[in-house]
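Understanding the architecture of this molecule
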Amino acid sequence: LFFFFSSRRRHTRCREVSWARRCVQETVSTQSTWGFPHKIMADKSGQKRQSSSLFINGLHEDVNEEVLRQHFLSINIRVKTITIIKDHNTNRSKGLAIVECLSFEDAEKALKTINFSEIHNREVIMMPYRPGGVKDKYSSNIFIKNLPEDFKSKDLYNLFSKFGEIFSCKCAINSAGKCKGYGYVCFDSKEISDKIVAEKKEIELNSKKIEVLPFKPREARNSSISMYNNLFVKNIPKKFTNDNLKDLFKNFGEIISAVVIKDPAQGPENKGFGFVCFKKHEDAKIAEEKMKNFVVEGLNLFVCRALSKDCLLYTSPSPRDLSTSRMPSSA
């Protein structure tokens with residue numbers, strides 16, 4: 001028993017020492033010939049070495065370690081380790097991987113030759129692996145809209161590389177492999193992204209202007225979503241009209257539009273749900289709180305903000321478009 005606990009203590013101590021050594025490793029950044037910042041760490045001799053690891057994004061879920069290994073072998077690069085990042089719950093690939101090459105030169109060669117190449121008919125994106133990523137990555141990131149359907153990440157890189165050093169870029173792709181019309185570019189410097197957004201550089205592709213906007217992290221987008229003025233109302237009586245729905249909510253504030261959704265096949269009866277769009281968010285919030293489970297003709301109303309997938313087509317317009325509401329016209 002004493003030997004068991006003694007071994008446990010020695011093992012814990014070794015782990016603590018190993019962790020401490022990793023913490024004191026010196027990490028600095030330098031620029032490669034491609035403009036990518038590479039991680040440099042101090043080895044045991046005190047000399048600094050460049051990292052030979054690459055981070056890969058955009059992989060098909062069927063791509064495994066052997067497929068990636070063969071892809072690198074196609075340009076005569078042998079890799080040391082390959083790690084496919086998987087979902088903890090489903091054990092399926094997240095489309096991400098970390099590849100450690102045998103040398104920094106091999107990693108550089110891979111970036112020059114097979115970055116933006118295709119595996120299983122899907123474009124893969126490579127970048128130098130840096131556990132900490134880019135400093136202030138949100139502020140050095142930009143959002144690009146109005147991209148052509150046939151646009152790819154490589155095209156995005158070629159389009160914006162003239163403005164400065166790019167750490168990573170990606171076009172949003174749908175299930176058919178087509179561009180969704182937007183993408184992201186992360187520069188290695190916040191000053192570059194700030195300059196592009198501030199100067200509102202106009203870029204044209206096929207007589208179409210590309211719009212450049214500052215990137216908003218998920219937290220900022222969620223906070224903007226929290227400001228709503230459009231409500232989804234369910235379990236309304238089948239014979240309710242637009243006017244009936246408006247009268248039900250008019251005491252909470254000024255209403256832009258109130259619409260019950262009808263099915264022509266059901267005649268004058270509605271589908272049992274509708275939308276109420278208030279002018280102010282505060283009024284919509286109070287109405288949501290007060291009208292939940294409100295009983296109308298024996299039915300308990302279900303009221304929530306109109307943000308579900310089925311309601312996206314009926315979401316309220318932006319403040320500047322309030323005069324021409326996008327809510328469905330009354331039948």
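The shown structure was predicted, so the numbers you read here are calculated from the model rather than taken from an experiment.

Positive phi, normally seen in glycine, also occurs at asparagine 91, with a value near 65°. As for its position among the elements, asparagine 91 is in the loop between strand S5 (79–86) and strand S6 (93–101). A positive phi is found at asparagine 146, a non-glycine position, where the angle reads about 65°. Among the secondary structure elements, asparagine 146 is positioned in the loop between strand S10 (141–145) and helix H4 (153–160).

With that settled, the discussion passes to the pairing of strand S9 (residues 125–128). Burial along S9 is two-sided: Ile125 and Met127 and Met126 and Pro128, pointing in opposite directions, are all buried. Relative to S9, strand S4 (residues 53–57) runs antiparallel, the two being bridged by 4 bridges. Residue pairing across strands places asparagine 57 opposite isoleucine 125, the latter belonging to S9.

Attention now moves to the sheet that holds S4. Ordered by their spatial adjacency, 4 strands build an open sheet running S5-S6-S4-S9, and the pairing between neighbours is antiparallel. The open sheet has two edge strands with one neighbour each: S5 and S9. With direction set aside, neighbouring strand axes in the sheet form an average angle of 20°. The strands that helix H3 (residues 104–113) touches are S4, S6 and S9; relative to S9, the one it contacts most, it runs at about 145°.

What follows is about helix H5 (residues 190–199). All of the buried residues along H5 are Ile192, Ser193, Ile196 and Val197. Looking straight down H5, one finds that the buried residues subtend no more than 125° of arc, so they occupy a single side. Among the exposed residues of H5, those pointing more than 90 degrees away from its buried face are Glu191 and Ala198. Residues of H5 that are buried in the fold lie against S10, strand S12 (179–187) and strand S14 (208–214).

Another point: the packing of aromatic side chains. Within the structure shown, the criterion is met by 10 aromatic pairs. Relative to tyrosine 184, the ring of phenylalanine 143 has its centre 5.5 Å away and its plane inclined at 50°; by these criteria the two rings are tilted. Linking phenylalanine 143 in strand S10 with tyrosine 184 in strand S12, this pair joins segments that are 41 residues apart in sequence. With 5.6 Å between their ring centres and 85° between their planes, tyrosine 184 and phenylalanine 215 make a pair best called edge-to-face. Separated by 31 residues along the polypeptide, tyrosine 184 in strand S12 and phenylalanine 215 in the loop between S14 and helix H6 (218–225) bring together distant segments of the chain. Taken together through their ring pairs, the aromatic side chains of Phe143, Tyr182, Tyr184 and Phe215 make up a single cluster.

Counting through the fold element by element, serine 93 comes out in strand S6. A polar atom in the side chain of serine 93 sits 3.0 Å from the backbone nitrogen of glycine 95. For serine 93, the contacting residues outside a window of four places in its chain are Glu61, Ile84, Ile85 and Lys86.

Here is what the cut-offs are and how they apply
- Residues numbered from 1 in each chain as written.
- Predicted model: local features only at pLDDT ≥ 70, side-chain atom pairs only at ≥ 80, totals over all residues.
- Heavy atoms only, no water.
- Helix = DSSP H or I, 4+ residues; strand = E, 2+ residues; numbered from the N terminus.
- Buried < 20%, exposed > 50% of the residue type's maximum accessible area, 1.4 Å probe, protein only.
- Pairing = 2+ DSSP bridges.
- Axes fitted to C-alpha atoms, helices over the stretch in contact; angles between N-to-C directions.
- Contact = heavy atoms within 4.5 Å.
- Arc of directions from axis to C-beta.
- Phe/Tyr/Trp six-rings, centres within 6.5 Å; stacked < 30°, edge-to-face > 60°.
- Polar contact = N/O pair within 3.5 Å; in protein donor to acceptor, adjacent residues only side chain to side chain.

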